[in-house]
Amino acid sequence: MPLSTQSQSDVDQYILIASLDNARNLSNILKAISFKDHAIFNATQNGLKVTVEDSKCLQANAFIQADIFQEYIIKEDAVGFQVNLTVLLDCLTIFGGSTVPGVCTALRMCYNGYGYPLTLFLEEGGVVTVCKINTQEPEEPIDFDFCSTNVTNKVILQSDSLKEAFSELDMTSEVLQITMSPSHPYFRLSTFGNSGNAHYDYPKDSDMMELFQCTKIQTNRYKMSLLKPSTKALALSCKVSVRTDSRGFLSLQYLVRNDDGQICFVEYYCCPDEEVEEE
């Protein structure tokens, strides 16, 4: 295909090259975190980490492992830059993001270092389009200091059950209250909207519950406006891990399978709105 015929000198000038036979495997995972214009890219030997943040209260990370790419070359320990995510997604779907079987847009993404644009070579049906997107120096992402040693409660659910809960809860509520407990109600989602209070409970032995590890009763509220962007990742995912730490910070980690059946992860961190004291 035309993208594979680029000369060695073209390859030599870049410090980062990442190629995919199917650009949807990148665009779909980026759509799961596209709630702000700017995204911070951090590339290492392990792959790409893309971060989007909102008001120091919400952070989303998409992880695309190096082996997802058909070609992945990085010539430094770490390569970082910031781009307009909306523009990047527009370019990745420039051919319309076809879902017709056997019709894929191939992608080669290249970066030449600080001050240079991110260059995309997109090819479909023998037509090659080149897009150059301005980059900026990356801002330092917020460190939510969410470490596994401080996790107090964790559940892993089938995503379908969480989608069902969100469809039944009152999304006019300003907050989503999450209760996790070693005893009843185990795992409860609550809203307080225009139509009154609503609760959605998961028994710990539910078929939808793959893992239940709760060490203490914890009830926290999170702004619904901060959680709504994560429903984009939920829609793509097949499993979700819900964790809270001793401070009440929330981690939602989504397992997403791409068109080729490979696994990527999207993680959202959210600050608590307030802690609800147990009576």
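Everything quoted here is computed from the prediction, not taken from an experiment. (Residues numbered from 1 in each chain as written. Predicted model: local features only at pLDDT ≥ 70, side-chain atom pairs only at ≥ 80, totals over all residues. Heavy atoms only, no water.)

A few words on unusual backbone geometry. Residue Pro185 follows His184 across a cis peptide bond; omega there is 10°. Within the secondary structure layout, Pro185 lies in the loop between strand E11 (175-180) and strand E12 (187-193). Here Asp145, not a glycine, exhibits a phi torsion of approximately 50°, which is positive. The topology assignment puts Asp145 in the loop between strand E9 (127-133) and strand E10 (151-158). Judged by its relative accessible area of 46%, Asp145 falls in the partly exposed class. If you check the backbone angles, Tyr186 has positive phi at about 65° while not being a glycine. By the element assignment, Tyr186 lies in the loop between E11 and E12. Relative accessible area serves as the criterion here: at 22%, Tyr186 is assigned to the partly exposed category. (Helix = DSSP H or I, 4+ residues; strand = E, 2+ residues; numbered from the N terminus. Buried < 20%, exposed > 50% of the residue type's maximum accessible area, 1.4 Å probe, protein only.)

As a further point, take the sheet that holds strand E6 (residues 78-84). The 9 strands lie next to each other as E6-E2-E3-E4-E18-E17-E16-E10-E14, forming an open sheet whose pairing is antiparallel. The two strands at the open ends of the sheet, each matched to only one other strand, are E6 and strand E14 (209-214). In this sheet, adjacent strand axes meet at a mean angle of 15° when their direction is disregarded. Judged from the 8 bridges that link them, strand E3 (residues 47-54) and strand E4 (residues 58-65) form a sheet pairing that is antiparallel. (Pairing = 2+ DSSP bridges. Axes fitted to C-alpha atoms, helices over the stretch in contact; angles between N-to-C directions.)

This part covers the side chain of Glu124. Tracing the backbone through its elements, the reader meets Glu124 in strand E8 (residues 118-124). Of the side chains bearing the opposite charge, Arg24 lies closest to the buried Glu124, which forms no salt bridge; the N-O distance is 9.4 Å. (Lys, Arg positive; Asp, Glu negative; His and termini not counted. Salt bridge = Lys/Arg side-chain N within 4 Å of Asp/Glu carboxyl O.)

Another point: the domain arrangement of the protein. Put simply, an interface is often sized by how much accessible area is lost when its parts join up. Considered domain by domain, the protein is made up of domain 1 (8-136) and domain 2 (151-270). When each unit is reduced to the centre of its C-alpha atoms, the spacing between domain 1 and domain 2 is 29 Å. Facing 21 residues of domain 1, the contacting portion of domain 2 comprises 18 residues. Summing both partners gives a buried area of about 1800 Å² for domain 1 against domain 2, and 54% of it is carried by carbon and sulfur. If you sort the residues of domain 1 by the area they bury against domain 2, Asn25, Ala32 and Leu58 come out on top, with a joint share of 28%. Summed over the shared surface of domain 1 and domain 2, the result is 1 salt bridge. Our count for the domain 1 to domain 2 interface comes out at 9 residue pairs in polar contact (both at pLDDT 80 or more). Looking at the side of domain 1 that touches domain 2, the elements with two or more residues in it are helix H2 (24-31) and E4. It is E4 that provides the largest number of residues to the side of domain 1 that touches domain 2, a total of 7 residues. Per-class residue counts for the side of domain 1 that touches domain 2 are 10 nonpolar, 7 polar and 4 charged. (Domains from an automatic or database assignment. Contact = heavy atoms within 4.5 Å. Buried area = accessible area lost by both parts, 1.4 Å probe. Polar contact = N/O pair within 3.5 Å; in protein donor to acceptor, adjacent residues only side chain to side chain. Nonpolar A, V, L, I, M, F, W, Y, C, P; charged D, E, K, R; others polar.)

To continue, consider the side chain of Asn25. Structurally, the position occupied by Asn25 is in helix H2. With relative accessibility at 4%, the residue Asn25 sits in the buried group. Once you skip the residues sitting within four places of it in the chain, Asn25 turns out to touch Leu20, Asn258, Asp259, Asp260 and Gln262.

Attention shifts here to the packing of aromatic side chains. On inspection of all chains with the given rule, the structure shows 11 aromatic pairs. Aromatic pair Phe146 and Tyr269: ring centres 5.5 Å apart, planes at 35°, arrangement tilted. Highlighted residues: Phe146 in the loop between E9 and E10 and Tyr269 in strand E18 (residues 263-270), separated in sequence by 123 residues. Tyr269 carries the same exposure label as Phe146, and that label is buried. Ring geometry for Tyr186 against Phe212: centres 5.8 Å apart, planes inclined by 80°, an arrangement best described as edge-to-face. Of this pair, Tyr186 sits in the loop between E11 and E12 while Phe212 sits in strand E14, and the two are 26 residues apart along the sequence. An aromatic cluster of three or more residues is present, and its members are Phe144, Phe146, Phe249 and Tyr269. In this arrangement the basic side chain of Arg221 is found over the ring face of Phe192, its NZ or CZ atom lying 4.4 Å from the centre. (Phe/Tyr/Trp six-rings, centres within 6.5 Å; stacked < 30°, edge-to-face > 60°. Lys NZ or Arg CZ within 6 Å of the ring centre and 35° of its normal.)

On to the nonpolar core, then. Leu30, Leu88, Leu120, Phe187, Leu189, Val266 and Tyr268 are the most contacted members of the largest nonpolar core, which totals 74 residues. In terms of residues, this core owes the most to one element, helix H3 (residues 85-92), which gives 5 residues. When residues are assigned to domains, this core turns out to be shared by domain 1 (8-136) and domain 2 (151-270), each giving three or more. Excluding residues within four positions of it along the chain, Leu30 makes contact with Phe41, Val50, Leu85, Leu88, Leu89 and Leu92. Phe144, Phe146, Tyr269 and Cys271 belong to the second largest nonpolar core, which has 5 residues in total. (Core = buried A, V, L, I, M, F, W, Y, C linked by side-chain atoms within 4.5 Å.)

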